[in-house]
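# Inside the fold
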Amino acid sequence: MVLGAFGWIVAALSTNQVVQLLGLTAAGVFSMAVWSLFFTMPSAVLPRRAHAVGIAFMNTIGMCGAATFPLIIGVLRDRTGGFAGSMIFVGLAILAGAGLMLFVPKFLLTGDGGRVSVPARAGAE
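### Some details on the overall build of the protein
- Secondary structure assignment for the protein yields five helices and zero strands.
- Secondary structure elements of the protein, listed N to C terminal, follow the sequence α-α-α-α-α.
- Per-residue burial over the protein gives 19% buried out of 125 residues.
- Long-range contacts, defined here as pairs at least 24 residues apart, represent 51% of the contacts in the protein between residues at least 6 apart.
- For the protein, the exposed area adds up to about 8900 Å²; of that, 73% sits on carbon and sulfur atoms.

### Describing the environment of Asn 59
- Topologically, Asn 59 is positioned in helix H4 (residues 51–80).
- Exposure remark for Asn 59: the relative accessible area of 35% places this residue in the partly exposed category.
- In this structure, the C-alpha to C-alpha distance between Asn 59 and Phe 39, residues 20 residues apart in sequence, is 9.4 Å.

### Quick notes on the layout of surface pockets
- By volume, the largest pocket is sized at about 1400 Å³.
- Lining the largest pocket are 34 residues, with Met 1, Trp 35, Phe 38, Ile 61 and Gly 62 sitting closest to its centre.
- Of all the elements in the fold, those that place two or more residues in the lining of the largest pocket are helix H2 (17–38), helix H3 (41–45), H4 and helix H5 (84–101).
- The dominant element in the lining of the largest pocket, judged by the number of residues it contributes, is H4, at 10 residues.
- Among the residues forming the lining of the largest pocket, the class breakdown is 27 nonpolar, seven polar and no charged.

### Thoughts on the confidence of the model for the protein
- A residue-level look at the protein finds 86% of positions with pLDDT of 70 or above and a mean pLDDT of 85.
- Of all the helices and strands in the protein, H3 carries the lowest mean pLDDT, 79, while helix H1 (residues 2–13) carries the highest, 95.

### Points about the packing of aromatic side chains
- A complete count under the given rule lists one aromatic pair for this structure.
- Between the aromatic rings of Phe 69 and Phe 89, the centroid separation amounts to 5.2 Å while the plane-to-plane angle is 40°, which identifies the pairing as tilted. Of this pair, Phe 69 sits in helix H4 while Phe 89 sits in helix H5, and the two are 20 residues apart along the sequence.
- By relative accessible area, which is 27% here, Phe 89 ends up partly exposed.

### Some words on the packing of H4 against H5
- Contact pair H4 / H5: the axes reach a minimum separation of 8 Å and the direction vectors enclose 140°. On the basis of their axis angle, the class for H4 and H5 is oblique. Two secondary-structure elements touch here, H4 through Phe 69, Ile 72, Ile 73, Leu 76, Arg 77 and Thr 80 and H5 through Gly 85, Ser 86, Phe 89, Val 90 and Ala 93.
- A per-class count over the contact of H4 with H5 returns seven nonpolar, three polar and one charged.

Calculation rules
Residues numbered from 1 in each chain as written. Predicted model: local features only at pLDDT ≥ 70, side-chain atom pairs only at ≥ 80, totals over all residues. Heavy atoms only, no water. Helix = DSSP H or I, 4+ residues; strand = E, 2+ residues; numbered from the N terminus. Buried < 20%, exposed > 50% of the residue type's maximum accessible area, 1.4 Å probe, protein only. Contact = heavy atoms within 4.5 Å. Areas by Shrake-Rupley, 256 points an atom, 1.4 Å probe, with all protein chains shown as cover. 1 Å grid on protein atoms, 1.4 Å probe; cavity = no way out; pocket = protein on both sides within 12 Å on 5 of 7 lines; lining within 4 Å. Points joined across faces, edges and corners; volume = space filled by probe spheres on them. Nonpolar A, V, L, I, M, F, W, Y, C, P; charged D, E, K, R; others polar. pLDDT = per-residue confidence, 0-100. Phe/Tyr/Trp six-rings, centres within 6.5 Å; stacked < 30°, edge-to-face > 60°. Axes fitted to C-alpha atoms, helices over the stretch in contact; angles between N-to-C directions. Parallel < 35°, antiparallel > 145°, perpendicular 65-115°, else oblique.

As structure tokens, this is what we get:
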């Protein structure tokens, strides 16, 4: 996610078209590569009965972003006179998402969803 965000920011700040293209290519490649990991998070973090709700929540947040980001990008373009401000905004939003991932407790990412296993009693078989 961080590399994708930097791709957006590099493309926004560069005046060289080749560098802009490389930045946008990096933004697309690294942003898409994260999706497969991102959509496995509910299965790793939530109990089995909550997987569908977790995925639905993630999709809802994504749809809210898909509805609002074009408006924000349009407003920023109108105010700044170009797309550089909008692209920086997208890069910063992606960096914020990567930063929020740092607040997910480590025990939730171990694959057992934070469930505590109860050891078997000695002699009970």
